[in-house]
Amino acid sequence: MLAAVVLLSYVAYRCTASVTAWSAAAAIVAATGVVAVLGRTPLEIVGTALLAVGLGATSWALGRSARLRGARRRALAAYRSGEWAVPGLAAASERHRLAADLHDTAAHRLTGIMIGASSALHVADPRLKAEASAHAATEGRLAVAELTRLTALDQRAARTDLAEVDALVAGWPGRPPVYRRSVESAPPLIAALAFRVVREALTNCRRYAHGARVEVGLARRSDRLVVTVDDWGRAETGEPFAGGCGSGLSVLRADLAAAGGSLSAGRSARGWSVRAELPLTIDQTATERPGGRLHTWALVGLAAGIPVGGLLIPGAGPPLSAPTLVPLLPLLVVHALALRFHTHRPVVAVPLALSIYPLLVAARWAGWPVPSGGGFLWSGWVELIMMYGIGAARRLRSWPAPVAVAVTTGAALAWSPEITGNRVGVWAVLSVCLLMPMAGVWAAGVAITTRRAGRHAAAVVRHHRLSEEAARAERARIAARLRSTALLRAQAVVAAVDLETVMVEARAGLDALRDLLDELRSPMGENAPPPCLAGITALAARHEAVVRFLGEPRQLQGAVEATAFWVARELLSHDGMLVVSCLPTGVMLSGMADAGARRRLRAVADAAGGGMARRDRWVRIWLPEVGV
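**Student:** Would you explain a positive patch on the surface in this entry?
**Tutor:** The grouping of R14, R69, R73 and R74 at the surface amounts to a positive patch. The element that contributes the greatest number of residues to the positive patch is helix α3 (residues 42–81), accounting for 3 residues. Tracing the backbone shows R14 in helix α1 (residues 2–14).

**Student:** Sorry, what's going on with the pairing of strand β2 (residues 214–221) here?
**Tutor:** Note on strand geometry: in a regular strand, side chains alternate between the two faces of the sheet. With 6 of its 8 residues buried, β2 lies for the most part within the structure. Where strand β1 (residues 178–181) and β2 come together, 4 bridges link them in parallel fashion. Of the residues in β2, the one forming a bridge with Y179 is V216. As a crossover connection, the stretch from β1 through helix α7 (residues 188–208) into β2 is left-handed. For β2 and strand β3 (residues 224–231), the ladder comprises 8 bridges, and the chain directions are antiparallel. Across the sheet, L218 pairs through a bridge with V227, a residue of β3. What sits between the antiparallel neighbours β2 and β3 is a turn of 2 residues, in which S222 has the positive phi angle 60°.

**Student:** How do you make sense of the sheet that holds strand β5 (residues 272–279) when you look at a structure like this?
**Tutor:** In sheet architecture, strand pairing relies on hydrogen bonds along the backbone and comes in two forms, parallel and antiparallel. Taken in spatial order, the 5 strands make up an open sheet running β1-β2-β3-β5-β4, and their pairing is mixed. Two strands lie at the open edges of the sheet, namely β1 and β4 (262–267), each paired on one side alone. Adjacent strand axes in the sheet meet at a mean angle of 10° when their direction is disregarded. Bridge count between β3 and β5: 8 bridges; the pairing is antiparallel. Bridged to D231 within β5 is W272. Against the sheet, helix α6 (residues 163–170) engages β1 and β2, with an angle of about 170° to β1. Its contacts with the sheet put α7 on β2, β3, β4 and β5, and the angle it makes with β3 is roughly 10°.

**Student:** Honestly, the packing of helix α19 (residues 533–542) against helix α20 (residues 558–572) in this entry has me stumped. Any pointers?
**Tutor:** Any two packed helices are characterised by the angle at which their axes cross and by the distance between the axes. The contact between α19 and α20 brings their axes to 8 Å, and the two run at 20°. Regarding the angle of α19 to α20, the classification is roughly parallel. By crossing handedness, the relation of α19 to α20 is classed as right-handed. In this structure, α19 contributes L533, G535, I536, L539 and A540 to the contact, and α20 contributes E561, A564, F565, A568, R569 and L572. The class makeup of the residues in the contact of α19 with α20 is 8 nonpolar, 1 polar and 2 charged.

**Student:** Would you take a moment to explain unusual backbone geometry for this structure?
**Tutor:** Trans peptide bonds make up the majority, and among non-glycine residues the majority have a negative phi. In the Ramachandran plot, S222 falls in the positive-phi region, its phi being about 60° despite a non-glycine side chain. If you trace the backbone, S222 turns up in the loop between β2 and β3.

**Student:** What is the right way to look at the packing of helix α14 (residues 381–394) against helix α16 (residues 423–484) in this model?
**Tutor:** Their axes nearest at 7 Å, the elements α14 and α16 cross at an angle of 30°. Accordingly, the angle class assigned to the pair α14 and α16 is roughly parallel. Like other packed secondary-structure pairs, α14 and α16 cross with a definite hand, here right-handed. Facing E383, L384, M387, Y388, G391 and A392 of α14, the residues of α16 in contact are P437, M438, V441, W442, A444, G445, V446, I448 and T449. Considered class by class, the residues forming the contact of α14 with α16 number 11 nonpolar, 3 polar and 1 charged.

**Student:** Hey, could you run me through the environment of M503 in this one?
**Tutor:** Examined against the element boundaries, M503 turns out to sit in helix α18 (residues 499–521). Exposure remark for M503: the relative accessible area of 15% places this residue in the buried category. Along the primary structure M503 and M114 are separated by 389 residues, whereas in three dimensions their C-alpha atoms are 5.0 Å apart. With sequence-adjacent residues up to four places away left out, M503 is seen in contact with M114, A117, S118 and L121.

**Student:** Would you take a moment to explain α18 for this structure?
**Tutor:** One turn of an α-helix holds 3.6 residues; hence residues three or four places apart share an orientation. Between its first and last C-alpha atoms α18 spans 32 Å; for 23 residues at 1.5 Å apiece the expected length is 33 Å, and the two agree. At its buried positions, α18 is contacted by α4 (86–120), α5 (126–150), α16 and α17 (486–495). One side-chain oxygen at the N-terminal end of α18 lies 3.2 Å from the backbone nitrogen of E500; it belongs to D498.

**Student:** What is the right way to look at the confidence of the model for the protein chain in this model?
**Tutor:** Detailed conclusions should not be drawn from predicted coordinates in areas where pLDDT is low. The predicted model of the protein chain averages 80 in pLDDT, with 88% of residues at 70 or higher. Counting contacts from residues 235–246, a segment whose pLDDT is below 50, to residues more than four positions away or on other chains yields 30 contacts.

**Student:** For this particular structure, what's the right way to read the packing of aromatic side chains?
**Tutor:** By convention here, two paired aromatic rings are described through the distance between centres and the angle between planes. Scanning all chains against the criterion turns up 1 aromatic pair. Ring centres 5.6 Å apart and planes at 75° place the aromatic pair W415 and W427 in the edge-to-face group. Here W427 lies in helix α16 and W415 lies in the loop between α15 (400–414) and α16, a separation of 12 residues in the sequence. Assessed through its relative accessible area of 28%, W427 is described here as partly exposed. Cation over ring: R213 sits above W232, and NZ or CZ is 5.3 Å from the ring centre.

**Student:** Where do I start with the sheet that holds strand β10 (residues 618–624) in this structure?
**Tutor:** Across the sheet, 5 strands lie side by side as β6-β7-β8-β10-β9; this open sheet has mixed pairing. Each having just a single partner strand, β6 (546–550) and β9 (611–615) make up the two edges of the open sheet. Averaged over all neighbouring strand pairs, the angle between strand axes comes to 15°, with direction disregarded. Pairing between β9 and β10: 5 bridges, direction antiparallel. Each residue of the ladder has a partner; that of G611, found in β10, is W622. Across the sheet, α20 lies against β7 (577–583), β8 (586–592) and β10, angled at about 10° from β8, the strand it touches most. Contacts from helix α21 (residues 595–607) reach β9 and β10, with the element oriented near 15° to β10.

**Student:** Quick question: what am I supposed to make of helix α11 (residues 346–354) here?
**Tutor:** Residues P346, A349, V350, A353 and L354 constitute the buried set of α11. End-on, the buried residues of α11 take up no more than an arc of 115°, which puts them together on one face.

**Student:** Where do I start with the pattern of salt bridges in this structure?
**Tutor:** Where charged atoms from two side chains of opposite charge approach closely, those side chains can pair. With the rule as written, the count across this model stands at 28 salt bridges. Between R97 and D101 there is a salt bridge whose closest N-O contact spans 3.8 Å. Placement of both R97 and D101 in helix α4 is noted, with a separation of 4 residues, approximately one turn of the helix. Of the residues examined, D101 reaches a relative accessible area of 10% and is grouped as buried. Residues D125 and R127 are paired through a salt bridge, measuring 3.9 Å at the closest nitrogen-oxygen approach.

Conventions we followed
Sequence order as written defines residue numbering, which begins from 1 separately in each chain. Since the coordinates come from a predicted model, pLDDT governs what is reported: local features require at least 70, and pairs of side-chain atoms require 80 or more to be given and counted, while whole-chain, interface and lining totals use all residues. Side-chain metrics in this entry use all non-hydrogen atoms of the structure; hydrogen atoms and water are not considered. Each patch groups residues whose relative accessible area exceeds 30% and which form no salt bridge, using 9 Å between like charges and 5 Å between nonpolar side chains of Val, Leu, Ile, Met, Phe, Trp and Tyr. Method for areas: the Shrake-Rupley scheme with a 1.4 Å probe, in which residue coverage is limited to the protein chains shown. When a carboxyl oxygen of Asp or Glu is within 4 Å of a side-chain nitrogen of Lys or Arg, the pair counts as a salt bridge. Only four residue types enter the charge count, namely Lys and Arg as positive and Asp and Glu as negative; His and the chain termini do not. Taken as the charge centre is NZ of Lys, CZ of Arg, CG of Asp or CD of Glu, depending on the residue. Where helices and strands are cited, they refer to DSSP runs of H or I of at least four residues and of E of at least two residues respectively, numbered from the N terminus. Think of it in three bands: with a 1.4 Å probe and only protein chains considered, a residue is buried below 20% of the maximum accessible area for its type, exposed above 50%, and partly exposed in between. Should DSSP find at least two bridges between two strands, the strands are regarded as paired. The crossover handedness rule: strands pointing away from the viewer, path from first strand over the helix to second strand clockwise, crossover right-handed. Angles here are taken between N-to-C directions and fall from 0 to 180 degrees, while the axes themselves are lines fitted to C-alpha atoms, restricted in helices to the stretch in contact. Here, residues are in contact when the closest pair of their heavy atoms is within 4.5 Å. Orientation categories follow fixed angle ranges, with anything under 35 degrees roughly parallel, anything over 145 roughly antiparallel, 65 to 115 roughly perpendicular, and all other angles oblique. Crossings are sorted by hand: turned counterclockwise from the far helix by less than a right angle, the near helix makes the crossing left-handed, and turned clockwise it makes it right-handed. Any residue that is not Ala, Val, Leu, Ile, Met, Phe, Trp, Tyr, Cys, Pro, Asp, Glu, Lys or Arg is counted as polar, Gly included; the first ten are nonpolar and the last four charged. Take the residue count of a helix, subtract one, and multiply by 1.5 Å to get its expected span. Polar contacts here mean pairs of N or O atoms no more than 3.5 Å apart (in protein, one a potential hydrogen donor and the other a potential acceptor; neighbouring residues in sequence count only if both atoms are side-chain atoms). Every residue carries a pLDDT, the predictor's confidence in it, which falls somewhere between 0 and 100. Two rings from Phe, Tyr or Trp (for Trp, the six-membered ring) form a pair when their centres are within 6.5 Å of each other. A pair whose planes differ by under 30 degrees is stacked, one over 60 is edge-to-face, and the rest are tilted. In this scheme, Lys NZ or Arg CZ marks a charge over a ring once it lies within 6 Å of the ring centre and within 35 degrees of the ring normal. Arc, as used here, means the arc of the directions from the helix axis to the C-beta atoms.

Have a look at this one:
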């Protein structure tokens, strides 16, 4: 059995959970078969099988622990080695954001000014020329205001509330749109995208259906935000003119797709209609961990197999009788089952584990021949494992758990028939003695998890500082460029006294913006993206793929981010679609994979403590955060 434990530990270290489970099952069958062939009694055969289950669970725990630690260590090393590329990634993200803002605002306005002035120069009607001059002045002032806002270095990267859409519609120049909003709030990312959809659609309405009736609506349909912008202008097309930058709706479609939404635009019975749908919530069924909780069942096997199997196999003392074993064994199994819930449902686990002690005491007082030492000496170490897990998962708020275990177990021992004299005093002494190891392992779990959380928080701060500094530097560079080119031209448009000057200055400003937008949309270098969640977007761009991010984006533990990047790289190499769900306890990645990729992905997810689920070629990879 010792050789089998060593071999199974090595298998658990090198192979996935399913391979290890099958190997352990084979070893259990082999050990039981040998005892049966030797002609042992049925109790010895059953005891050997249960003892083999406990030893197999021990092998599982040893090998799996080493496998998980090694995988996390390698992933964290890769994550840290790629931190040098984080500033470049943040700068590229800022460039993309500013490019979208410039296209949606100043570029549209300068295009309209240029086309209006050019058209007015070819007519002789003084009234039309005056209207064109007034329009150029109004749009020019708006363009100056927008460019001034974009050159401010303290601007935020995203809108945070649907009230921004309210302010946009209320302050829109010209005929006010009819506005209806029946949804109260939305996540910041979704609110920012809704704002961009409305702004882009209203800008197109002003260009192609000027003066027409426009209706804007924000409504909730099930778990999605529906944004609609309809005009009565009977526009022939909703695409920008040749003088514009020409990619507003296409850029919006890509950004909405990345957030799990969709965008459609086309002619309607009255004019032109734009409709966008965005997710307001994330599908909570995705929190189901593929692969189940085999590690907790291994703990149950360890806690039940060794004590139960040890009682069934005759030792140095006399064998236990059937009247003793029949009621005792189920209690030990129930006691072990508490480990199934100890991290995620300690309110159930602790009472379940402690429930056997009053029963054992009552049974002894009723004359049932329970072996000496109550139940604590057989499997009290289950509580130690439980206290460590509860401390690691729940931290300081779980302090009643070790106290409850010490007090309850101390009472069970103090009121056993072997104790005479002052039972209350014995109870107090035993409770204190038991509290020391229980509180010690609980505190170890709290300390380790707290230290891990502190390291993660420091990494988040460092990552945020690097990203913010790079984004601010890129923003400052672009702002200086705008001040010396497009902003000066927009101010010249406002100050111009004739349409010829308006057209020239508007064209020069638009050319400067076009050159800047071409630069902002070009890739920054050919270096590999850093292995993190933010790097997945850059990786998808290289594969010309679509990535949808669901849930609230946040920075995960470094090892998890690096592993998620490796999974994304594998999935993107087989298909142009990837869904990344950011969940409270980790990240889920979904995509298409062939048989070879599925084997590799299963091994990666297993080594990260997660799992894989599949349906045909579509797979879901779950990567949990440690201590969450």
